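Structural overview
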Amino acid sequence: MHYEVIDRSKKNVSQIVADAKKADEIFLATDPDREGEAISWHINEVLKEKKVKKPTSRVLFYEITKK
């Protein structure tokens, strides 16, 4: 299987890769549903392809509130 970034997402993915290269550690914190998990997986695959070797963690959250 070969994953390709669609044209409309290339700018955002390029920015994620550029920011990841500057980071000490990467936290993937998408929604905990199937779509969110897929987004995290795809971002991780792109980072591997671009040879961004940083500690990467998956963060789960279910609610963001003011409190």
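This structure is a prediction, so every number in the text was calculated from the model and none was measured. Counting of residues starts from 1 at the beginning of each chain's written sequence and follows it residue by residue. Whole-chain, interface and lining totals are the exception, using all residues; otherwise, since this is a predicted model, local features are given only for residues with pLDDT of at least 70 and side-chain atom pairs are given and counted only at 80 or more. Working from all heavy atoms in the structure, the side-chain values ignore hydrogens and water.

Some thoughts on the overall build of the protein chain
To qualify as a helix, a DSSP run of H or I must reach at least 4 residues; to qualify as a strand, a run of E must reach at least 2; elements of each kind are numbered from the N terminus. When its secondary structure is counted, the protein chain shows two helices and two strands. Helices and strands appear in the protein chain in the N-to-C order α-β-α-β. Once the C-alpha set of the protein chain is aligned to its principal axes, its extents read approximately 40 × 25 × 20 Å. A simple rule labels every residue: compare its accessible area, found with a 1.4 Å probe on the protein chains alone, to the largest value its type can have, and call it buried under 20%, exposed over 50%, or partly exposed in between. Across the 67 residues of the protein chain, 16% fall into the buried class. Roughly 5900 Å² of accessible area belongs to the protein chain as shown, and the carbon and sulfur atoms make up 52% of that amount. Here the accessible surface of atoms and residues is derived via Shrake-Rupley with a 1.4 Å probe, and residues count as covered only by protein chains that are part of the display.

Some remarks on unusual backbone geometry
A positive phi angle, near 60°, is found at Lys51, a position not held by glycine. Turning to its location among the elements, Lys51 is positioned in the loop between α2 (34–49) and β2 (56–58).

As for the side chain of Ser40
In this structure, Ser40 sits in helix α2. The contacts of Ser40, once residues within four sequence positions are left out, are Leu28, Thr30 and Arg58. Two residues form a contact once any of their heavy atoms are found within 4.5 Å.

Considering the confidence of the model for the protein chain
A score between 0 and 100, pLDDT records how confident the predictor is in each residue. On average, residues of the protein chain carry a pLDDT of 90, and 100% of them reach 70 or more. Here α2 stands out as the least confident element of the protein chain, with mean pLDDT 91; helix α1 (residues 10–22) is the most confident, with 96.

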